[in-house]
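Chain by chain, the residues run as shown.
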Amino acid sequence: MLKEHISRSLFPFLLSGVLTGTFVYVFIDGTLASLLLFCLMGMMCYTSIYLYSAIYNAQLRPHLPVYASVLINSVVSVLLIYINLIIIIGLVNPNGILFVFAHWRDTLLNPSIQQGMIFGLALSVAINVYLSISELFGQRNLINLVLGRYSKAHEVERVFMFADLKDSTSIAEQLGHKRFLDLLNAVFEDMSKAISKRKGQIYKYVGDEIIIVWKPREAFKKAACLQTFIDMDANIQKRSTFYTDRFGLLPAFKAGLHGGYAITGELGYFRKEITFLGDVVNTTARIEGECNRLNQKLVYSEYIASRTDVPDGFEQIELGEHHLRGKSDSIQLFGLNSSKIL
């Protein structure tokens, strides 16, 4: 997870430093020392806000309404920025901190400080907006959207996994809608950790189903697409006590895995999303639908089997040729055999 956090944060981390240093250099103090010092401050600000956001998302956000969340985020972010400012002052001149506290009124009325306060507020808003939007779209997709890479549809090769909760209808009736949503969030949290670890991207959620996508190079490196399924199952098993204590059951899921060429681009008018269209997407959904009939938790195509090794401790099973619903040609399907996922 640490590697994933670093990868996700590197671009905005550097950008925050550049913007902060440039602002101070252009509007307050045009010296190289100030430029470098406030580049450091900008990167410190982003790091502190990001760490706070990670803790907040895990511990506080699920229990607060949106307006309270926005207010708390704004106040805390501004406080973190000025804590970092005090740290920078202390690095340059430790006695300067005492001066700031002794003459706080004059400090606040200083035009340069006021400009910095306005910039700090803008920076905190920008960082929180970036974190919120990147959480919604995914960092890669957000950057690609900004660069216009999805404005025109184009063909790409991708690996898809459709994974959904088994017996979801009966579980929803048993738990009720609210507790069922809580269960889905817990399951998706455990699954997301495995997806992130194996370089997958969450394409979308469809009810109790999660759709994951990889570039082929990332999907087949160390059998990442197969290992993701294994890790998702292991994460849920590790928290079996949590699930049985809170929900009275241990959730299980099934998944279909396939790859090929699809068309990707922006879809929608008032509300846009990045979409993948093509036979490969439909086929993956059909493969996932075969899991129950074949009594398998994971079923995948020859496209996957021919391109990746089987993870250690697992054996590939040939499930034979099958005609999928809505498909004229049959397709060779495979599964994994191990006590770890049975």
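Look up a bit, the structure's there.
Residues numbered from 1 in each chain as written. Predicted model: local features only at pLDDT ≥ 70, side-chain atom pairs only at ≥ 80, totals over all residues. Heavy atoms only, no water.

**Q** Residue-level account of the overall build of the protein, with values.
**A** Scanning the protein for helices and strands turns up 15 helices and 8 strands. Evaluated residue by residue, the protein yields a buried proportion of 44% over its 342 residues. Counting contacts in the protein only where the partners sit at least 6 residues apart, residues at least 24 apart contribute 68% of the total. (Helix = DSSP H or I, 4+ residues; strand = E, 2+ residues; numbered from the N terminus. Buried < 20%, exposed > 50% of the residue type's maximum accessible area, 1.4 Å probe, protein only. Contact = heavy atoms within 4.5 Å.)

**Q** Tell me about the pattern of salt bridges, and please be specific about residues and values.
**A** Counting across every chain of the model gives 8 salt bridges. Here K254 ties to E288 by a salt bridge, and the two come within 3.0 Å at their closest N and O atoms. One end of the pair, K254, is in strand β4 (residues 253–267); the other, E288, is in helix α13 (residues 279–288), with 34 residues separating them in the sequence. Salt bridges sharing partners connect three or more residues here, namely D164, K254 and E288. (Salt bridge = Lys/Arg side-chain N within 4 Å of Asp/Glu carboxyl O.)

**Q** Tell me about the nonpolar core, residues and numbers included.
**A** Note that soluble globular proteins tend to have their nonpolar side chains buried in a common cluster. Counting residues in hydrophobic clusters, the biggest one holds 41 residues, and the most contacted among them are L183 and L257. It is helix α9 (residues 177–197) that contributes the most residues to this core, 9 residues altogether. Residues F23, V24, F38 and M44 belong to the second largest nonpolar core, which totals 14 residues. (Core = buried A, V, L, I, M, F, W, Y, C linked by side-chain atoms within 4.5 Å.)

**Q** Explain helix α11 (residues 224–238) to me, and be specific about the residues and the numbers.
**A** In this model α11 runs 20 Å from its N-terminal to its C-terminal C-alpha over 15 residues, within 8% of the 21 Å that 1.5 Å per residue would give. With 12 of 15 residues buried, α11 lies mostly within the body of the structure. Within the sequence span of α11, burial applies to A224, C225, L226, Q227, T228, F229, I230, D231, M232, D233, N235 and I236. (Expected span 1.5 Å × (residues − 1).)

**Q** Mind laying out the packing of aromatic side chains, listing which residues take part and the relevant values?
**A** Enumeration over the complete set of coordinates arrives at 9 aromatic pairs. Measuring from ring centre to ring centre gives 5.4 Å for F160 and F276, while their planes differ by 80 degrees; the resulting arrangement is edge-to-face. In this pair, F160 is assigned in strand β1 (residues 154–165) and F276 in strand β5 (residues 273–277), connecting sequence segments 116 residues apart. Given a relative accessible area of 0%, F160 falls into the buried group. Residue class for F276 comes out buried when judged on its relative accessible area of 8%. Taking the centre distance of 5.1 Å and the plane angle of 80 degrees together, the rings of Y203 and F276 count as edge-to-face. Of this pair, Y203 sits in strand β2 (residues 201–206) while F276 sits in strand β5, and the two are 73 residues apart along the sequence. A network of ring pairs unites the aromatic residues F160, Y203 and F276 as a single cluster. The lysine or arginine in question, R239, covers the ring of F242, its NZ or CZ lying 4.3 Å from the ring centre. (Phe/Tyr/Trp six-rings, centres within 6.5 Å; stacked < 30°, edge-to-face > 60°. Lys NZ or Arg CZ within 6 Å of the ring centre and 35° of its normal.)

**Q** Now, about the packing of α9 against helix α12 (residues 240–247): what can you tell me, with residues and values included?
**A** For the pair α9 and α12, interaxial distance at closest approach is 11 Å and the crossing angle is 175 degrees. One element, α9, and the other, α12, form an angle in the roughly antiparallel class. On α12, the residues that touch R179, D182, L183, A186, V187 and D190 of α9 are F242, Y243, R246 and F247. Looking at the contact of α9 with α12 residue by residue, the classes come out as 6 nonpolar, no polar and 4 charged. (Axes fitted to C-alpha atoms, helices over the stretch in contact; angles between N-to-C directions. Parallel < 35°, antiparallel > 145°, perpendicular 65-115°, else oblique. Nonpolar A, V, L, I, M, F, W, Y, C, P; charged D, E, K, R; others polar.)

**Q** Run through the side chain of S192, naming residues and quoting values.
**A** Structurally, S192 can be placed in helix α9. In this structure the side chain of S192 is engaged in a polar contact, spanning 2.6 Å, whose partner is the backbone oxygen of F188. (Polar contact = N/O pair within 3.5 Å; in protein donor to acceptor, adjacent residues only side chain to side chain.)

**Q** Describe a nonpolar patch on the surface, naming the residues involved and giving the relevant values.
**A** There is a patch of nonpolar side chains on the surface, built from L40, L71, V75, L79, I83, I87, L91 and V92 and spanning about 750 Å² of accessible area. Structurally, the position occupied by L40 is in helix α2 (residues 32–59). Accessibility expressed as a relative area gives 36% for L40, which makes it partly exposed. (Patch = residues over 30% accessible without salt bridge, like charges linked within 9 Å, V, L, I, M, F, W, Y side chains within 5 Å. Areas by Shrake-Rupley, 256 points an atom, 1.4 Å probe, with all protein chains shown as cover.)

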